[in-house]
Amino acid sequence: MQLGLSFSDSDVSSFTPLVVLELADDTKAEAITWLLNRIRDKQQNGGAELLVNQLLFPAQDDQKSNPNVFVVGSTLQRLLNGAEDVGLFKEFQDGTMRGFTYANRESFKDFNGDGEGFLSDAECQYIIKHGLDTLRAKNEQHVPGYPKLKLYPGKSVVRRLQSKGVLIQYFPLHNKEDLKRLSFSWYKKFKLSFQPLDDIRHYFGEGLALYFGFLEYFTFALVPMALIGIPYYLFDWEDYDKYVLFAVFNLVWSTVFLEVWKRCSATLAYGWGTLSRKKAFEEPRAGFHGALGFNPVTGREEPVYPSSKRQLRIYLVSVPFVLLCLYLSFYVMMVYFDMEFWAINTYHENPNIATSILLFVPSIIYAVVIEIMNLLYRCAAEFLTDWENHRLESSFQNHLVLKVLVFNFVNCFASLFYIAFVMQNMVLLRQSLATLLITSQILNQVMEAFLPYWLQRRRNKKVHKRMRRLMGDKELPLLGQVQLETEMNTYLGTFDDYLEQFLLFGYVSLFSCVYPLAAVLVVLNNITEVYSDAFKMCHVFKRPFSEPAANIGVWQLAFETMSIIAVVTNCALIGLSPQVKAYFPESDTQLILIVVAIEHVLLAFKFILAFVIPDVPKHIQVKLAKLDFDSLEALKKRVRYVWNKILTCCNLPSAFFFFF
């Protein structure tokens, strides 16, 4: 059924399509008409005031096409007003970053003429998303055509339709020309240089650009570790001084690395206008449910779920489940050690090439099992966290991150801690660490790069073949592009990417003094990671909506926690080394006390260093202070102007103002 306006590529000139909105193919006509009218309606009437048209795909003999696919755009005036609504920060004429206001638009740098090109595609798409997300029910009792889809005043229309499967998806369209330029400067030619972070931010938004900035920074920060580790490994520097030097350098590096990153992150965020940007008010998640209640903050009706019930679900179900998974992880670890001992005994009984290769088989199998267990646990953790029914997306993400990090840390590092501190076998520790690290990197590259690339190529061929069969010689780029991107995988965010870097950081910071080539392997992995992730974002996944971000969020705390654990681990490894033990042949207690004392000194040094190094560079602090001062002065002038108006209208003396 065709509803409202529809168009093919010949009609694109009416507006630039920025977002695709796909409803279920059996959606009731009255629901579609109601939704489109709400999207087109004026903002003062409760609408989104956006442009929306239906895309009509040609009929297919072998496959039914979805008729309910729409493209959404906007007028320039609406986008500029929306930039003020979402609190967008842009560069002012004096070089500072200030919140954009339409009234002062001429005072912003790069605002020329009517403002065409002032906003990036990612910013325009984010504004449209904000307009759709804030589309709220007025007096409707239910979605037209769906009596069971209840609505109440203030309920987010888009979230309601999403939660019930009426709205399948909505996503931003790729810009072919911009994507081509970004691909060329980003990954299409191999070069040892910095990534085009500003271009990435311009196209994908700040959240993704910060991830690639962190990946680049982490890789460059590992170079000193790698340069020290190569000669250490090749020449087998095993004397006491060199061993301690490498471990201490590791400890200082992990602290300085994170503190300097905070400064780099603040510099990037300020330049992108997100450092001083106020966090948007969080709406309830699409999957959040509960009895209808009253929100004292917004004054609107919305679902309310008792926190006591959520806590019961967490502590009586989620926590026991996590503990059970940790027990299974320990059980699998002990099975691995049985296999390891069997392989070692077999080698000692009959040393040859075959049995020497057999020594690595248990570690390889265990590394594969670890990745499978991590994947299965991730699915279970997502299900449990969703079942806990968190109201806000940030709360959902924090609980999910905590669950996943605890299990992944134990699952990936428990065997290494056991070998190091229970078995105290440094040769086996070095072998296990190398095998786990190399195997996990190979598996990650296969799962994250080669497999998605292969699947996407197959999907692209099918779509192109289908469009050629239907259109013949006629080219309909928009229809083909929408058809292709609709079937692409959805990018689920930077969670898995940060998790991978977190685990690699753990391998380097915890045990690199035993296996100094760990930093070299991580550098090589991250170089390929930059190119594979860049390709995936450009050609494998749907384009994600821009997510404003001032830092890497909860992952900063995760990395800092890992660095604290690294201090304890490296001090303990130093204490276990034969060279150190030789200084205390008769007193283990004295050795333990000295190691603990050194550990406390290093932890104190770490916290002092974190305190001494400011998180925000001085020049940015000055700019932020200047912005606060200017805002306060502008407010004073505004208040003074209003009072003068009042006094003039009431014929009161000026001294009356100072009395108040």
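Residues numbered from 1 in each chain as written. Predicted model: local features only at pLDDT ≥ 70, side-chain atom pairs only at ≥ 80, totals over all residues. Heavy atoms only, no water.

## Quick look at the overall build of the protein chain
Line of reasoning, step 1. Counting its secondary structure elements, the protein chain contains 21 helices and 11 strands.
Line of reasoning, step 2. Sorting the 660 residues of the protein chain into buried and exposed places 48% on the buried side.
Line of reasoning, step 3. Sequence-distant contacts, at least 24 apart, represent 73% of the contacts inside the protein chain between residues at least 6 apart.
Line of reasoning, step 4. Summing over all exposed atoms, the protein chain offers an accessible surface of approximately 32,800 Å²; the carbon and sulfur share of this is 63%. (Helix = DSSP H or I, 4+ residues; strand = E, 2+ residues; numbered from the N terminus. Buried < 20%, exposed > 50% of the residue type's maximum accessible area, 1.4 Å probe, protein only. Contact = heavy atoms within 4.5 Å. Areas by Shrake-Rupley, 256 points an atom, 1.4 Å probe, with all protein chains shown as cover.)

## Some details on the pattern of salt bridges
Line of reasoning, step 1. Throughout the structure, instances matching the rule amount to 17 salt bridges.
Line of reasoning, step 2. A single network of salt bridges, built from pairs that share partners, joins Lys90, Glu123, Arg201 and Glu206. (Salt bridge = Lys/Arg side-chain N within 4 Å of Asp/Glu carboxyl O.)

## Here we look at the confidence of the model for the protein chain
Line of reasoning, step 1. Put simply, the protein chain has an average pLDDT of 83, and 89% of its residues get 70 or more.
Line of reasoning, step 2. Contacts from residues 1–13, a stretch scored under 50 in pLDDT, to residues over four places away or in other chains number 29 contacts. (pLDDT = per-residue confidence, 0-100.)

## Observations regarding helix H3 (residues 121–133)
Line of reasoning, step 1. Here H3 is 13 residues long and its end C-alpha atoms lie 18 Å apart, about the 18 Å a rise of 1.5 Å per residue gives.
Line of reasoning, step 2. Taken residue by residue, H3 has Asp121, Ala122, Glu123, Cys124, Gln125, Tyr126, Ile127, Ile128, Lys129, Gly131, Leu132 and Asp133 as its buried positions. (Expected span 1.5 Å × (residues − 1).)

## Thoughts on a nonpolar patch on the surface
Line of reasoning, step 1. Among the surface-exposed residues, Ile438, Ile442, Val446, Met447, Phe450, Leu451, Trp454 and Leu455 lie close enough to one another that they form a single nonpolar patch of about 750 Å² accessible area.
Line of reasoning, step 2. Looking at the secondary structure, you find Leu455 in helix H13 (residues 426–471). (Patch = residues over 30% accessible without salt bridge, like charges linked within 9 Å, V, L, I, M, F, W, Y side chains within 5 Å.)

## Regarding helix H9 (residues 307–349)
Line of reasoning, step 1. In this model, H9 (43 residues) spans 61 Å end to end at C-alpha, consistent with the 63 Å of a helix rising 1.5 Å per residue.
Line of reasoning, step 2. A maximum bend of about 30 degrees is found in H9 at Ile314.
Line of reasoning, step 3. All of the buried residues in H9 are Arg310, Ile314, Ser318, Val322, Cys325, Leu326, Ser329, Met333, Tyr336, Phe337, Glu340 and Ala343. (Bend = angle between axes of the 7 residues up to and from the residue.)

## A closer look at the side chain of Ser183
Line of reasoning, step 1. Examined against the element boundaries, Ser183 turns out to sit in helix H5 (residues 176–186).
Line of reasoning, step 2. With sequence-adjacent residues up to four places away left out, Ser183 is seen in contact with Lys188, Cys538 and His539.

## Concerning the packing of aromatic side chains
Line of reasoning, step 1. One pass over the full model with this rule turns up 40 aromatic pairs.
Line of reasoning, step 2. When the ring of Tyr217 is compared with that of Phe257, the centres are 5.3 Å apart and the planes differ by 15 degrees; the resulting orientation is stacked. Taken together, the residues span a long stretch of sequence, with Tyr217 in helix H7 (residues 206–235) and Phe257 in helix H8 (residues 240–271) at a distance of 40 residues. Considered together, Tyr217 and Phe257 belong to a single accessibility category, that of buried residues.
Line of reasoning, step 3. Measuring from centroid to centroid gives 5.3 Å for Phe417 and Phe511, while their planes differ by 70 degrees, and the two rings are edge-to-face. Of this pair, Phe417 sits in helix H12 (residues 393–423) while Phe511 is found in helix H15 (residues 495–511), placing the two residues 94 residues apart along the sequence. (Phe/Tyr/Trp six-rings, centres within 6.5 Å; stacked < 30°, edge-to-face > 60°.)

## Points about the packing of H9 against helix H11 (residues 361–387)
Line of reasoning, step 1. Where H9 meets H11, the closest approach of the two axes is 11 Å, and the angle between their N-to-C directions is 175 degrees. One way to sum up the angle between H9 and H11 is to call them roughly antiparallel.
Line of reasoning, step 2. Residues belonging to the contact of H9 with H11 are distributed by class as follows: 19 nonpolar, 3 polar and 2 charged. (Axes fitted to C-alpha atoms, helices over the stretch in contact; angles between N-to-C directions. Parallel < 35°, antiparallel > 145°, perpendicular 65-115°, else oblique. Nonpolar A, V, L, I, M, F, W, Y, C, P; charged D, E, K, R; others polar.)

## Some words on the nonpolar core
Line of reasoning, step 1. Formed by 106 residues in total, the largest nonpolar core has its most connected members in Trp186, Phe413 and Trp555.
Line of reasoning, step 2. Ranked by the residues each element gives to this core, the list is headed by H12, at 14 residues.
Line of reasoning, step 3. When neighbours within four sequence positions are excluded, Phe413 is seen to be in contact with Leu503, Gly506, Tyr507, Leu510, Phe511 and Met562.
Line of reasoning, step 4. Within the second largest apolar cluster, 44 residues are counted, among which are Ile39, Ile128, Leu151 and Val157. (Core = buried A, V, L, I, M, F, W, Y, C linked by side-chain atoms within 4.5 Å.)

## Considering the side chain of Glu216
Line of reasoning, step 1. Looking at where Glu216 falls in the secondary structure, it is placed in helix H7.
Line of reasoning, step 2. With relative accessibility at 11%, the residue Glu216 sits in the buried group.
Line of reasoning, step 3. Ignoring anything within four residues of it in the chain, the contact list for Glu216 reads Phe194, Gln195 and Leu197.

## A closer look at the environment of Lys180
Line of reasoning, step 1. With respect to the helices and strands, Lys180 occurs in helix H5.
Line of reasoning, step 2. Judged by relative accessible area, which is 58%, Lys180 ranks as exposed.
Line of reasoning, step 3. Separated by 358 residues in sequence, Lys180 and Cys538 place their C-alpha atoms 8.9 Å apart.

## Regarding the pairing of strand S3 (residues 51–55)
Line of reasoning, step 1. Summarising burial for S3: 4 of the 5 residues are buried, a large majority.
Line of reasoning, step 2. Summarising the sheet, S3 and strand S4 (residues 69–73) pair through 5 bridges and their orientation is antiparallel. In the strand pairing of S4, Gln54 is matched with Phe70. (Pairing = 2+ DSSP bridges.)

## A word on the packing of H7 against H15
Line of reasoning, step 1. Following both chains from N to C, one finds H7 and H15 inclined at 15 degrees, their axes separated by 11 Å at the closest point. Classified by the interaxial angle, the pair formed by H7 and H15 is roughly parallel. Where H7 crosses over H15, the two elements pack in a sense that is left-handed. Counting all contacts with H7, which are made through Leu210, Tyr211, Phe214, Leu215, Phe218, Leu222 and Met225, the residues of H15 involved are Asp497, Tyr498, Gln501, Phe505 and Val508.
Line of reasoning, step 2. The residue inventory of the contact of H7 with H15, partitioned by class, reads 10 nonpolar, 1 polar and 1 charged. (Left-handed = near helix turned anticlockwise from the far one by under 90°.)

## Focus on unusual backbone geometry
Line of reasoning, step 1. Despite not being glycine, Glu49 has its phi angle at roughly 55 degrees, a positive value.
Line of reasoning, step 2. Residues other than glycine seldom take positive phi values, yet Gln424 does so here, at roughly 55 degrees.
Line of reasoning, step 3. Position of Gln424 relative to the elements: it lies in the loop between H12 and H13.
Line of reasoning, step 4. Gln424 gets classed as partly exposed once you look at its relative accessible area, which sits at 40%.

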